[in-house]
Amino acid sequence: MHGCGNDYVYVDTMRFPIASPESAARRWSDRHTGIGSDGLVLIGSATEDGADFSMRIFNADGSEGMMCGNAARCIGKYLFERGLTEKQEIRLQTLSGIKTLWLSLSPRQVGQGTREIVDKVTVDMGEPVFDAPTLFLPERADGLTGYGAEGVFVSMGNPHYVLFTKEIDQVVDAGPFLEGHQAFPQLCNIEFARVESLGSLRVRVWERGSGITRACGTGACATAVAAASTGRAERTSRIVMDGGTLSVEWRRSDNHVYMTGPATFVFDGEVEM
């Protein structure tokens, strides 16, 4: 499945347990010798009160991620369309806490009848965090600002550093250096963002553990928050990435960030362990 081109291999571990997801993520993500993906996502039963299902995400290098908004939307679509739930509001357990998903449905013609499919999903991504000492050390930030007009750190359950610049393609060369910069004790996701208008930003992403990806849900949210907090955008933005567009709202009422976008099935298959 993919969300705006951010593609992962999804395994329903309630049916097919994975003993070593780190190793599987590395093997299956290889686009030449494996299936080809940005990583591996495990769909499972919830182990926390108040959650319906759980999600674990492993990057292409085998490292485990905290949260992925694109993957969360895809899981919502999978759960509903494969008959694992009839809920249109799903609470998903992640390493960044329980996230609520709202499914938007539309009818599709199937044979002589119709069935409802998930057209798009909205995810409550929680509150952004600007001060996270375990993720960002501003006293070690020398060399971070050479690529853009301003850099802003935002945690959306995982760390992001957003640089505003007209030259967003710099991310290809700068991404590896910035991901591992001394200011980021646990490495960092990097966004290069260009303001197109007050309500629209063009963004390219370097994801921690995966490299250049076509989209990043938490990165879109971090970019929208960084732009709003610096006066570059209002509280609602269109984030245009290589693989598609996400809508992000940073609500004043609860300080939460809400991300809306599509989710797409690509294919089902079997793989030998």
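Presented here is a report on the structure given in the accompanying data block. Residue numbers restart at each chain and count upward from 1, following the sequence in its written direction. Totals for whole chains, interfaces and linings use all residues, but because this is a predicted model, local features are given only for residues with pLDDT of at least 70 and pairs of side-chain atoms are given and counted only at 80 or more. Note: side-chain values were computed over all heavy atoms of the structure, leaving out hydrogens and water.

**Concerning empty space enclosed by the protein**
Stage number 1. Buried and open spaces are told apart on a 1 Å grid over the protein atoms alone, a cavity being a set of points where a 1.4 Å probe fits but cannot get out and a pocket being an open set with protein on both sides within 12 Å along at least five of seven lines. Residues with an atom within 4 Å of a point are the lining residues. Grid points are joined across faces, edges and corners, and a volume is the space filled by probe spheres set on the points. Enumeration according to the criterion identifies one cavity of 30 Å³ or more in this entry.
Stage number 2. The calculated volume of the largest cavity comes to roughly 110 Å³.
Stage number 3. What lines the largest cavity is a set of 14 residues, among which N59, G65, M67, N158 and E207 lie closest to the centre.
Stage number 4. Elements with a contribution of two residues or more to the lining of the largest cavity: β5 (53–59) and β6 (64–65).
Stage number 5. Only Asp, Glu, Lys and Arg are considered charged, only Ala, Val, Leu, Ile, Met, Phe, Trp, Tyr, Cys and Pro nonpolar, and every remaining residue, Gly among them, polar. A breakdown of the residues in the lining of the largest cavity according to their chemical character gives six nonpolar, five polar and three charged. Numbering of helices and strands runs from the N terminus; a helix is a DSSP stretch of H or I covering at least four residues, while a strand is a stretch of E covering at least two.

**Section: the packing of aromatic side chains**
Stage number 1. Side-chain rings of Phe, Tyr and Trp (the six-membered ring for Trp) are treated as a pair once their centres are within 6.5 Å; stacked means planes under 30 degrees apart, edge-to-face means over 60, and tilted covers the remaining angles. Throughout the structure, instances matching the rule amount to nine aromatic pairs.
Stage number 2. When the ring of Y8 is compared with that of Y10, the centres are 6.4 Å apart and the planes differ by 80°; the resulting orientation is edge-to-face.
Stage number 3. Think of it in three bands: residues with accessible area under 20% of the maximum for their type are buried, residues over 50% are exposed, and the middle band is partly exposed, with areas taken using a 1.4 Å probe on protein chains only. Taking relative accessible area as the criterion, Y8 reaches 3% and is therefore assigned buried.
Stage number 4. Given a relative accessible area of 16%, Y10 falls into the buried group.
Stage number 5. Ring centres of F130 and W250 lie 6.3 Å apart, and the angle between their planes is 50°; on these two criteria the pair is classed as tilted. With F130 in the loop between β9 (113–124) and β10 (150–155) and W250 in strand β16 (residues 244–250), the pair connects residues that are 120 residues apart, well separated along the chain.

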